[in-house]
Amino acid sequence: MAERTERRLEDRVPELQQLERVGLFTHKEIKAVLRKASALEYKIQRRALRKEDFIAYIQYEINLLELIKKRRARIGYSFKKDEIEHSILQRVHSLFNRAIGKWKDDVQLWLSHVAFCKQWNSKYQLSKVFSSMLAIHPNKPELWIMAAKWEMETQLSSESARRLFLRALRFHPECSKLYQEYFRMELMHAEKQRRERKTFEQAKMDLGLFSYSEEILNGEMARIIYRDAAKKIKGVQFHLAVLSIAKLFDFTQDLQKEILESLQTQYADDPLTWDYMARRELELGSLPSTGLTTKQSKISEMTQREERCCAVFEEAVRAVPTEDMWKCYITFCLERYNRKSNSEELKQKRLERTLSVFNKAHESNLLQEALYKQWLQLLLECQLFEKATEVAEAVTKRFSQSVEMWQMRLQVLIQLKSEDVVQCFEEAVKLMKAKGALPLWTLWVEWSEGTNSKEDTEALYQRSLRATTPVESVTMKEKYLDWTYRNGGYKKVRRVFASLCENRPFSVDFFRKMIQIEKEQESCKMLRLREYYERALREFGSTGSDLWLDYIKEELSHPQGKPENCGSIHWRAMKMLQGDLVEDFISKYTLLQTGHL
């Protein structure tokens, strides 16, 4: 192993001598490079190889290449690249190959090698990397796409790219993304050939010398790919994806027409088809109006386009009366409403249209739960409070078991300072019962804190503890404790804490809150802190390594603390803690003893 390492280091000597001779590095820097390389080389010659060592070595060599590049630019020296950079590049490729040979399954390692080859224009090496990578990872379509794109865009070889796509589709015959990229590649190839032919025609060259197929020039290869894919891949998304690709090329009108007809024939009842057809109206121009200013004509044209979109959507919700169809329509209206416009008239039309569509969907009982929130926000934003109250009430009737819908209704009533808030809270918690009602109780007590008397709020807190499930009551205990301290002071919070401790379950934060309250007092008593820690550890001693450490810290730092107690606390912790928490506790306790924690 030592001989191999020494030989590798000796192989570096010529390039290092060249670096010093041409003035890119000083003698001191060369010695530092050799020293570092020696350390890295020995690490990758161990019996137990580590991936991190190879990555560190590769990164060091890449950094060295970057430094050489900067030094060359600074002094204006561009010779001896074969003797210097070429040698380092070959070493990096060798390191990558050794690492990949050991950890073939690490895709990120392969991709790092690909990125390095691209950065340093190592085309021959990159071709080999892609070939090996695809042989080992044929199950990853994105790697096939990456290799094919490189062949097409960098190597300018559409034939190689086509072969890769065809091989990939044998492994992934139903991969939508592969078909999309193959479709795109064929259109790019056709466009490239069209440009070439146009250039030759302008140069008045004899086109008979070149073999240009009219079918390929018109995108027939892409059409064949689309037809083949359409037999295997079902769903609107694929058709829409290839249609958006085809629209990028100005010679695909017939192809676009075929895809669109197929979309309308096969997926006439799919909301996404209608959504596309409606939005397509935005791209189509309007007849120019006469006698209007430029600004007015633009507003008028946009209004006409949006009205045409809405006409299609109106037809859609009649033909496909589903929640998803209404969602597409509302999403479109919201998008248009949220677009910036200097025209108040256009803004107002968009608002009225959006509110109208929300209302129609609601009246059809086809408005999704999530969209009600957006509707209510819009109503409140427009100060349509009466309508907001009406909608909020209707939504809780339709989704009576939805906590979120009740929250929305209550928030509307609270925002409007309605007299019906309490009645609505009562109705909500009665319907929701105990399970899942925590957000309602949280909202209720928070509202009560700012509205009702302390007595009423306290009674509400106590009621919430009885009404919620044991698990959810933990949160209410924490909030009750915090509120009591803020409004009743230290003595009151101690009494409440004692009463709450009579009923499990608890949380660590519940006890930590009480510990923090005690520490905020001028006459903070260690006796009481011990009481709180002991209570907490009875509940969480097996899982709370930090609790034990904080207890020990208190004994060490508090004026009334007893450092001699730390040994027994440590012994108890070791007995109670479970699994990996013991090691975690030991390491932190060691840091505490050395003053590093």
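Owing to the predicted nature of the structure, the values given are computational and were not obtained by experimental measurement.

**Regarding the overall build of the protein chain**
The helix and strand tally for the protein chain stands at 29 helices and 0 strands. Its C-alpha atoms give the protein chain a radius of gyration of 36 Å, clearly above 25 Å, the size a compact globule of 597 residues would have. Considering only C-alpha atoms, the protein chain reaches an extent of 100 × 85 × 50 Å along its principal axes. Within the protein chain, the fraction of its 597 residues that count as buried is 45%. Considering only residue pairs separated by 6 or more positions, the protein chain has 59% of its internal contacts joining residues 24 or more positions apart. Accessible surface, the protein chain: about 32,800 Å² in total, of which carbon and sulfur atoms supply 50%. In the protein chain, the 98 positive side-chain charges and the 87 negative ones have mean positions that sit 5 Å from each other.

**A word on the pattern of salt bridges**
Going through the model one piece at a time under the given rule, you end up with 50 salt bridges. Close ionic contact of Glu 531 with Arg 535 constitutes a salt bridge, the shortest N to O distance being 3.3 Å. Taken as a pair, Glu 531 and Arg 535 lie in helix 26 (residues 526-540) at a separation of 4 residues, close to a single helical turn. Across the pair Arg 572 and Glu 534 runs a salt bridge, and its minimum N-O distance is 2.8 Å. Residue Arg 572 is found in helix 28 (residues 566-576), and its partner Glu 534 is found in helix 26; the two are separated by 38 residues along the sequence. Arg 572 sits in the partly exposed class, given a relative accessible area of 27%. Ionic contacts of the salt-bridge type, sharing partners, join the residues Arg 12, Glu 15, Glu 61 and Arg 91 into one network.

**Considerations on the side chain of Asp 275**
On the secondary structure map, Asp 275 appears in helix 14 (residues 271-283). Looking at Asp 275, the relative accessible area reads 14%, which means it is buried. Once you skip the residues sitting within four places of it in the chain, Asp 275 turns out to touch Phe 313, Met 325 and Cys 328.

**Quick look at the domain arrangement of the protein chain**
Assigned domains within the protein chain: domain 1 (1-103) and domain 2 (526-596). Using C-alpha coordinates to define each centre, domain 1 is positioned 51 Å away from domain 2.

**A short note on empty space enclosed by the protein**
Scanning the entire structure with this criterion turns up 1 cavity of 30 Å³ or more. Put simply, the largest cavity is a space of about 60 Å³. If you trace the largest cavity, you find it lined by Ala 148, Lys 149, Met 152, Glu 153, Phe 165, Glu 181, Arg 184, Met 185 and Met 188. At the level of secondary structure, the elements contributing two or more residues to the lining of the largest cavity comprise helix 7 (141-153) and helix 9 (176-202). For the lining of the largest cavity, the class distribution of residues is 5 nonpolar, no polar and 4 charged.

**A closer look at the environment of Leu 282**
Here Leu 282 is to be found in helix 14. Look at Leu 282 and you get buried, because its relative accessible area is 18%. The sequence separation of Leu 282 and Ile 145 amounts to 137 residues, and the corresponding C-alpha distance is 33 Å. Contacts of Leu 282, omitting those with residues within four sequence positions, involve Met 302, Arg 305, Glu 306, Cys 309, Phe 332 and Arg 336.

**Observations concerning unusual backbone geometry**
A cis amide bond, omega 0°, links Arg 504 with the succeeding residue Pro 505. Note that Pro 505 resides in the loop between helix 24 (470-500) and helix 25 (508-519). One non-glycine residue, Asn 365, lies in the positive phi region at around 60°. Looking at where Asn 365 falls in the secondary structure, it is placed in the loop between helix 17 (344-363) and helix 18 (369-381).

**Things to note about the packing of aromatic side chains**
Inspection of every chain in the model, using the stated rule, returns 27 aromatic pairs. Ring geometry for Phe 54 against Trp 103: centres 5.7 Å apart, planes inclined by 70°, an arrangement best described as edge-to-face. Highlighted residues: Phe 54 in helix 3 (residues 51-75) and Trp 103 in the loop between helix 4 (85-102) and helix 5 (107-119), separated in sequence by 49 residues. An angle of 20° between the planes, with centres 6.0 Å apart, marks the rings of Trp 326 and Tyr 329 as stacked. With Trp 326 and Tyr 329 both in helix 16 (residues 323-338), this residue pair falls 3 residues apart, about one helical turn. No difference in accessibility class separates Trp 326 from Tyr 329, as the two residues are buried. Taken together, Phe 497, Phe 506, Phe 510, Phe 511, Tyr 532 and Phe 540 form an aromatic cluster joined through their ring pairs. The ring of Trp 120 has Lys 69 lying over it, and the distance from NZ or CZ to the ring centre is 5.7 Å. For Arg 71, the ring lying beneath its charged end belongs to Phe 25, and the centroid distance is 4.9 Å.

**Some details on the nonpolar core**
Within the largest apolar cluster, 121 residues are counted, with the highest numbers of intra-cluster contacts made by Phe 183 and Tyr 372. If near-sequence neighbours (up to four positions away) are discounted, Tyr 372 is found in contact with His 362, Leu 367, Val 391, Val 395, Arg 398, Phe 399, Met 405 and Met 408. Membership of the second largest hydrophobic core comes to 58 residues, among which are Val 403, Leu 410, Met 432 and Tyr 490.

**Things to note about helix 15 (residues 294-319)**
The end-to-end C-alpha distance of helix 15, which contains 26 residues, comes to 38 Å, matching closely the 38 Å that a straight helix rising 1.5 Å per residue would cover. Those residues of helix 15 lying buried are Ser 300, Thr 303, Arg 305, Glu 306, Cys 309, Cys 310, Val 312, Phe 313, Glu 314, Ala 316 and Val 317. Those residues of helix 15 hidden inside the fold are in contact with helix 14, helix 16 and helix 17.

**Examining helix 3**
Helix length check: helix 3, at 25 residues, gives a terminal C-alpha distance of 37 Å against a target of 36 Å (1.5 Å per residue), a fit within 8%. Where helix 3 is concerned, the buried positions are Asp 53, Phe 54, Tyr 57, Ile 58, Tyr 60, Glu 61, Ile 62, Leu 64, Leu 65, Ile 68, Arg 71 and Arg 72. Directly after helix 3, the chain includes Gly 76, whose backbone phi takes a positive value near 75°.

**Brief notes about the UniProt feature "domain: U3 small nucleolar RNA-associated protein 6 N-terminal" (unreviewed entry) in the protein chain**
As annotated in UniProt, the feature "domain: U3 small nucleolar RNA-associated protein 6 N-terminal" (unreviewed entry) corresponds to residues 9-91 in the numbering used here. End C-alpha to end C-alpha, residues 9-91 measures 11 Å, and it is 75% helix and 0% strand.

**Re the packing of helix 22 (residues 438-451) against helix 24**
Running from amino to carboxyl end, helix 22 crosses helix 24 at an angle of 10°, the nearest separation of the two axes being 10 Å. In terms of orientation, helix 22 lies roughly parallel with respect to helix 24. Contacts from Leu 438, Trp 441, Thr 442, Val 445, Glu 446 and Glu 449 of helix 22 reach helix 24 at Glu 472, Thr 475, Met 476, Lys 479, Trp 483 and Arg 486. For the contact of helix 22 with helix 24, the residue count by class is 5 nonpolar, 2 polar and 5 charged.

What counts and what doesn't
Residues numbered from 1 in each chain as written. Predicted model: local features only at pLDDT ≥ 70, side-chain atom pairs only at ≥ 80, totals over all residues. Heavy atoms only, no water. Helix = DSSP H or I, 4+ residues; strand = E, 2+ residues; numbered from the N terminus. Rg over C-alpha atoms; globule rule 2.2 N^0.38 Å. Buried < 20%, exposed > 50% of the residue type's maximum accessible area, 1.4 Å probe, protein only. Contact = heavy atoms within 4.5 Å. Areas by Shrake-Rupley, 256 points an atom, 1.4 Å probe, with all protein chains shown as cover. Lys, Arg positive; Asp, Glu negative; His and termini not counted. Charge placed at Lys NZ, Arg CZ, Asp CG, Glu CD. Salt bridge = Lys/Arg side-chain N within 4 Å of Asp/Glu carboxyl O. Domains from an automatic or database assignment. 1 Å grid on protein atoms, 1.4 Å probe; cavity = no way out; pocket = protein on both sides within 12 Å on 5 of 7 lines; lining within 4 Å. Points joined across faces, edges and corners; volume = space filled by probe spheres on them. Nonpolar A, V, L, I, M, F, W, Y, C, P; charged D, E, K, R; others polar. Phe/Tyr/Trp six-rings, centres within 6.5 Å; stacked < 30°, edge-to-face > 60°. Lys NZ or Arg CZ within 6 Å of the ring centre and 35° of its normal. Core = buried A, V, L, I, M, F, W, Y, C linked by side-chain atoms within 4.5 Å. Expected span 1.5 Å × (residues − 1). UniProt positions renumbered as here; feature names shortened; annotations may be inferred. Axes fitted to C-alpha atoms, helices over the stretch in contact; angles between N-to-C directions. Parallel < 35°, antiparallel > 145°, perpendicular 65-115°, else oblique.

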